[in-house]
Amino acid sequence: MILNASMFLPILPEILLVALGAVVLILDLVLPKKQHRNIGWVTAAGMGVILLLSIPARPETEPSLVWGGMLRHDWLGFSFTMLFIFGAGITALFAMDFKKLGHRGEFYLLMIVSTIGMALMVSAADLVMLYLAIETTAIPLYILAGFFIRDDKSTEAGFKYFLFGAMTSAIMLYGFSLLFGFAGTTNIYQIAQSVREGGLPAGALIGSMLLVLVGFSFKIAGVPFHFWSPDVYEGSPTPVAGFLSTASKAAGFVVLLRFMMVVFPDITLQWGAVITAMSVATMTLGNLLALTQKNIKRMLAYSSIAHAGYALIGVAVISQVGVSSMVYYLIVYLVTNLAAFGIVASCGRITGSDEMTAYYGMSRRSPWLALALLVALLSLAGMPPLGGFVAKFFVFAAAVDANMIWLAVIGVLNAIIGMYYYLTVLKYVYLYRSEDEEKPLLVTRPQKLAITVLTVGIILIGTVLVPWFNWATTAAASVF
Amino acid sequence: MNYYIDPLTLVTFFPVIGIVVLLFLRADQKVHARWVALITSLITFGISLAILAQFNPANPDLQMVVNIPWIQVAGWNISYFMGVDGLSILLILLTTLLTSLSILSTWTAVQDRVKEFMIFFLFLEMGMLGVFLAQDLFLFYVFWEFTLVPMYMLIGIWGGKRRIYAAIKFFLYTMAGSILMLLAILWLGIYQDTFNVPELAAMGGIPPNLQFWLFLAFGAAFAIKVPMWPLHSWLPDAHVEAPTAGSVILAGVLLKMGTYGFLRFNLQLFPIASVKLAPWVAALAVIGILYGAAVSYAQKDVKKLVAYSSVSHLGFVMLGLFALNSQGVQGGILQMINHGISTGALFLIVGMLYERRHTRDMDAFGGLWKVMPIYGALTLIVVLSSMGLPGLNGFVGEFAILLGSWGAGLPGGVLGSPWFTALAALGIILAAVYLLYMFQKLFLGPVTKEENRVLSDINWREILTLAPLIILIFWIGLYPNPFLNLMSASVDQLLNAMQTAAVAGIP
């Protein structure tokens, strides 16, 4: 294989991320301790620069396999890579002033490494590459979740996340090995063809499908592999929880989507039924459990589970519209949930608590922060004219379009339950009074910047939605 | 490229200009905030008058139409489509007028977080105008849901003692209904390939059994909003706990979103189901009329009495609309306006009393006429208008509705039963009972409580708030033709279209 410049173009974002990681490492060594917070600015700015520099790396309309079939250079992978880079930049801004997190260079480095993993995950076209990418994503995240080693909850979060992750990834790996055995190839795009030629009984294929699904369900926190997420989100540093619940989850979704569509086209009926059942269970359970939460991070954790359920509708209906709607849903969800967790991080920094009682009368302490929370939560709840509404509209529409009106009905009923608990938080924020009303909640500059970008984003995605939807459609079309 | 903004977009989004100005004010600039909001709402009212001047009553179709493609991807056909016709023009005027008067009424009543209050109020106005102007189902739904949040905040932050309970109940009730409507909208958009309301209406062709389900899904959202018995239980809580201005808008405009929804969407889009279900809707409406009146009579709290009277009055509107003939529908639309004027005025009146005495218990008053004669006289006019005294506005609407409900409308067996009319007429008598009872308890007889002797009569600002409504009460009562002329062409066209569809659809 002869290397030339054009071969590096498809992995330009990853290369730039590695370079940024190196810069962060060097800065961590040379900068005096007091200025370590500024590494956050460097990371965020670096992510912004990478976004711009990656424009030439955008794929052609025709997807292509690169690097010996290890990666697939297509719009789906590229779009989500861009989203992860955006999410990582925002997370860096939120982390800068978060307790001891922002002053530690290794935090930023681990996050960058994890982002590289995600970027590879969403473009992986080979079982080996996919497994490596998943682990590259996960291992830094295990460490990040348990970053505060003196905090029991944080270490518990890290350890729990690790145990769950290791177990499910082992099961998934077993599924991969079976597939390799059946097909004799590790390339995702050739497995289906080989299996078909081999005349394998459907039962064996369904078995391996279920095994790999375990690993993906863990990533997206789908029922029944969701148990880790509330504890992990509650215990891990809030910016990390935000990153976990958005970028990591979205990466899981893309892999799930690509794998199911490409590897198992002959058993769509079966996996469609499994995913449908999972979707219903995930959104219903997530919403019902979110109702009773007293801690806002746990509430957001369960709400994230519920949102995975809504997004799964887009996969379950197995149609072009469904896939586009899922991609759109993930874009909206990433922006909105990052905002929600970021605001919680900003509040928690001052109040020192993530209990809902800390949010009493918040609108009087910081009207702008309260407004941002209003926008974020209402978008999660699916109120027009915010992004979350359009996203829900599209996934429900996909269900109706696929003649699965009952699934849309369940989704709609769930949306009402969801409305209730988001509204409960807003009730505390806007309608309740507290003794601390005179104490303003100060928001630092990086937090202000990040929250503003996200809030404007939520409104823009909800109103000027055609470019976003076209983008989602282009990305979705490139799966096949 | 021209920079001309069409009038409907302008009127809908003009309040946003006021909101932007308000955002730059400091929290302690209360007076400035009030003036900014008032001027904004007055200009919006002015724009709506300009729209009226441009409006051609002889044209039954949508006018001043703006139709810009919005979401045309993946087979969706969603556009930013606004238009006004005879069914909505009066509601636009009512909305902008009542918003201005409500803001004027808060001058001294709202002291806490004035800036935020005004911001939410103007957002609410924008949402309501959008609801009445949108002609695309998606756009309509966006505005429809948009009104929820500001109203939730108005009730929840500036309301009475049980404000939080009332706010959440209001929100969830409405949300639950409207999300069913969302499903129906999705179905229409996907299987009929457009969200464009006039196109959908003209297309027809929805099988009768599906029409039935779609009618119910839309109807659930609207019936909760109206509210029709037995879905009314959010209303007394919301009305009683809301601040005065909130109650005025809630009763005056938000409830009309429900009746307007039936008129614009259910009747137009599902004519066969409408014809078939009309007797049932009418029966619920009549139950609402009697129930609302009976419960009103039992109230001790003046505001609650007025709140329950809304259930009764809106029952009349629904009866009129589902009479499905020209008198009934015109009476129904006029009665929407009348109810907005009379009940809006009643809430303002109750609010003025509450501001002085901080109670609304009827037993705490008596003989107020002697202390506050101007206030008493104005109240009497409004009370008489609300109970439908000939010569005042309420009579015109209710009479037309009764007339319509007696004379049967469309083929396929609609009302036509004098029973509905008779029972509804009983409702008018009951209205006289509870309203006069209230008036007597408050104003007549000797002054029973010492603290009532020192109450000041209403001031110039309060008179100014009520004056436009009083003028309208007489105007509509004595010379309703200009108002009926505005709507008659559109109503006739709607009924003709329904007739054609129903004849074709019902074997």
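This structure is a prediction, so every number in the text was calculated from the model and none was measured. (Residues numbered from 1 in each chain as written. Chains lettered and ligands numbered in written order. Predicted model: local features only at pLDDT ≥ 70, side-chain atom pairs only at ≥ 80, totals over all residues. Heavy atoms only, no water.)

Now for the overall build of chain B. A count of helical and extended segments in chain B gives 20 helices and two strands. In summary, chain B has a C-alpha radius of gyration of 22 Å against a globular reference of 23 Å for 507 residues, a match within 12%. C-alpha extents for chain B along the principal axes are approximately 70 × 55 × 40 Å. Burial statistics for chain B: of 507 residues in total, 65% are counted as buried. The long-range share in chain B, meaning contacts at least 24 apart out of those at least 6 apart in sequence, stands at 81%. Accessible surface for chain B amounts to roughly 16,700 Å². Of this, 69% is attributable to carbon and sulfur atoms. If you average the places of the 24 positive and of the 23 negative side-chain charges in chain B, the two averages end up 10 Å apart. (Helix = DSSP H or I, 4+ residues; strand = E, 2+ residues; numbered from the N terminus. Rg over C-alpha atoms; globule rule 2.2 N^0.38 Å. Buried < 20%, exposed > 50% of the residue type's maximum accessible area, 1.4 Å probe, protein only. Contact = heavy atoms within 4.5 Å. Areas by Shrake-Rupley, 256 points an atom, 1.4 Å probe, with all protein chains shown as cover. Lys, Arg positive; Asp, Glu negative; His and termini not counted. Charge placed at Lys NZ, Arg CZ, Asp CG, Glu CD.)

In this section: the pattern of salt bridges. Under the counting rule described, the total for this entry stands at 20 salt bridges over all chains. Here B:D237 and B:R162 are joined by a salt bridge, their closest N and O atoms 3.3 Å apart. Here B:D237 is found in helix 10 (residues 234-241), whereas its partner B:R162 is found in the loop between helix 6 (148-158) and helix 7 (163-191), with 75 residues between them in sequence. B:D237 gets classed as buried once you look at its relative accessible area, which sits at 11%. Taking the shortest distance from any N to any O, the salt bridge between B:D237 and B:K169 comes out at 2.9 Å. Here the residue B:D237 occupies a position in helix 10, and B:K169 occupies one in helix 7, the gap between them amounting to 68 residues. Each of the two residues, B:D237 as well as B:K169, counts as buried. Taken together, the shared-partner salt bridges in this structure form one network comprising A:K153, A:E156, A:K160, A:D231, A:E234 and A:R298. (Salt bridge = Lys/Arg side-chain N within 4 Å of Asp/Glu carboxyl O.)

Okay, the interface of chain A and chain B next. Taken together, the contact between chain A and chain B spans 37 residues of the former and 37 residues of the latter. The contact between chain A and chain B buries some 3,400 Å² in all, and 82% of this surface belongs to carbon and sulfur atoms. If you sort the residues of chain A by the area they bury against chain B, A:F393, A:L423 and A:L431 come out on top, with a joint share of 19%. Taken together, the links from chain A to chain B amount to one salt bridge. The salt bridge involving A:R364 is made with B:D112; its shortest N-O contact spans 3.3 Å. (Buried area = accessible area lost by both parts, 1.4 Å probe.)

Moving on, we come to the side chain of B:K256. Residues and elements named next belong to chain B. Take K256: it is sitting in helix 11 (residues 244-269). Within the buried set, K256 has no salt-bridge partner at all; the shortest N-O distance to an opposite charge, 12 Å, is to E398. In this view, K256 contacts L91, F132, A251, G261, M336, H339 and G340; residues no more than four positions away in its chain are not counted.

The subject of this paragraph is the domain arrangement of chain A. Residue and element names in this part refer to chain A. The domains assigned to chain A are domain 1 (1-263) and domain 2 (269-480). Every contact between the two is made by 53 residues of domain 1 and, on the other side, 51 residues of domain 2. Here domain 1 and domain 2 share an interface that buries about 4,600 Å² over both sides, 80% of which is from carbon and sulfur atoms. Ranking the residues of domain 1 by area buried against domain 2 places F94, F253 and M261 at the top, with a combined share of 15%. If you look at where domain 1 meets domain 2, you find two salt bridges. In this structure, the salt-bridge partner of E234 is R298, at a minimum N-O distance of 2.6 Å. When residues of the side of domain 1 that touches domain 2 are traced back to their parent elements, those giving at least two are helix 4 (75-95), helix 9 (202-220), helix 10 (228-235) and helix 11 (238-263). At 16 residues, helix 11 tops the list of elements feeding residues into the side of domain 1 that touches domain 2. Of the residues assigned to the side of domain 1 that touches domain 2, the class counts are 33 nonpolar, 12 polar and eight charged. (Domains from an automatic or database assignment. Nonpolar A, V, L, I, M, F, W, Y, C, P; charged D, E, K, R; others polar.)

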